Amino acid sequence: MPVSSKRRLVADALRDAIASGRYRSGERLPGEHDLAERFAVSRGTVRAALADLADDEYIAIRGGIGSVVTFDGATLDPRGGWARSIAASGTEVTTRILRLVRLDDPRLQAEVDAAEATFVAVDRLRTVVGGRPVSLERSVLPHVGRLAAATTDGLVDDSLTATIAEAGLVPAEAEQWVDVVPLDVDDAALLDRPAGTPFLRSRRVSRTADGAFVERVDSLLDPDRFRLHMRFGTAR
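Let us look at the structure shown here. Here the structure is a predicted model, which is why all the values come from computation and not from measurement.

1. Examining the sheet that holds strand S3 (residues 93-104)
Reasoning step 1: With antiparallel pairing, the six strands of this open sheet are ordered in space as S3-S4-S5-S8-S7-S6. Since the sheet does not close on itself, it has two edges, and those belong to S3 and strand S6 (173-182), each with one partner. Within the sheet, the average angular offset between the axes of one strand and its neighbour, ignoring direction, is 15°.
Reasoning step 2: Packed onto the sheet, helix H6 (residues 145-153) meets S3, strand S4 (118-128) and strand S5 (133-142) and runs at close to 105° relative to S3.

Given below as structure tokens:
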């Protein structure tokens, strides 16, 4: 198995363990030696996999600040997709596509420093099976490759994350802003809440390793289920 595949295998296994709650917030991962023996890889491969997890803000291996969004205490995976992470927490949700269209917006191009003014807009409503909606997410992405085709052909496997990957875009860095807002009348109707209900509002902008725009997603999140978890200078 190529070294890069071994590194990815270790990183993916640990990412799934963290997302599913097998390793809790603040809990140390096993040491490099133990992980190397468990996965039958070198300590250098383990070290590289841990660096990947740190880059994705799953762990902190040196001083600094990191943040993740959790659902019922389980860390949500921005790369693997929130639906998969929520399912791993033991809660079944459905995802309804409200909008999947081409969007031309020069102002947005300047705002996110995108290469083109043409985007794909995807709005999704997530609902707990047997319950109420818990999130409303509005994404804009570059109108390229498989993402461009999605406006006519639909998402790959009904997954925006899979479609982004199919388009050859690999998010490597992101910025996120979170505040609390009262729901307006239209959003309240979609989320089955009274107008004015406080919801978490998150904006996350992700880019490739060379700084190219990948996605801006604006989310309204049920504060009874979602939390923003901050880490300051801790280590695993």
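2. Concerning the side chain of Arg 193
Reasoning step 1: Secondary-structure assignment places Arg 193 in the loop between helix H8 (185-191) and strand S7 (198-207).
Reasoning step 2: Classification of Arg 193 by relative accessible area gives buried; the value is 10%.
Reasoning step 3: Only 2.9 Å separates the side chain of Arg 193 from the backbone oxygen of Pro 133, close enough to count as a polar contact.
Reasoning step 4: Once residues lying within four places of it in the same chain are set aside, the contact partners of Arg 193 are Arg 132, Pro 133, Leu 183, Ala 188, Phe 199 and Asp 222.

3. Some details on unusual backbone geometry
Reasoning step 1: Even without being glycine, Asp 113 reaches a positive phi, approximately 55°.
Reasoning step 2: Residue placement: Asp 113 occurs in the loop between helix H5 (106-112) and S4.
Reasoning step 3: Classification of Asp 113 by relative accessible area gives exposed; the value is 58%.
Reasoning step 4: Positioned with a positive phi, Asp 192 is a non-glycine residue whose angle comes to about 55°.

4. A few points about the environment of Leu 103
Reasoning step 1: Tracing the backbone shows Leu 103 in strand S3.
Reasoning step 2: For Leu 103, a relative accessible area of 23% translates into the label partly exposed.

5. Side note on helix H2 (residues 32-39)
Reasoning step 1: Buried within H2 we find Leu 35, Ala 36 and Phe 39. In a view along the axis of H2, the buried residues occupy a sector of 100°, so they form one face of it.

6. A look at the nonpolar core
Reasoning step 1: Core analysis: the largest hydrophobic core is formed by 18 residues, its most contacted members being Leu 14, Leu 50, Leu 53 and Ile 59.
Reasoning step 2: Listing elements by their share of this core, those giving two or more residues are helix H1 (3-19), H2 and helix H3 (43-55).
Reasoning step 3: Not counting residues up to four positions away in its chain, the partners in contact with Leu 14 are Tyr 23, Leu 35, Leu 50 and Leu 53.

Reading guide: rules and limits
- Residues numbered from 1 in each chain as written.
- Predicted model: local features only at pLDDT ≥ 70, side-chain atom pairs only at ≥ 80, totals over all residues.
- Heavy atoms only, no water.
- Pairing = 2+ DSSP bridges.
- Helix = DSSP H or I, 4+ residues; strand = E, 2+ residues; numbered from the N terminus.
- Axes fitted to C-alpha atoms, helices over the stretch in contact; angles between N-to-C directions.
- Contact = heavy atoms within 4.5 Å.
- Buried < 20%, exposed > 50% of the residue type's maximum accessible area, 1.4 Å probe, protein only.
- Polar contact = N/O pair within 3.5 Å; in protein donor to acceptor, adjacent residues only side chain to side chain.
- Arc of directions from axis to C-beta.
- Core = buried A, V, L, I, M, F, W, Y, C linked by side-chain atoms within 4.5 Å.

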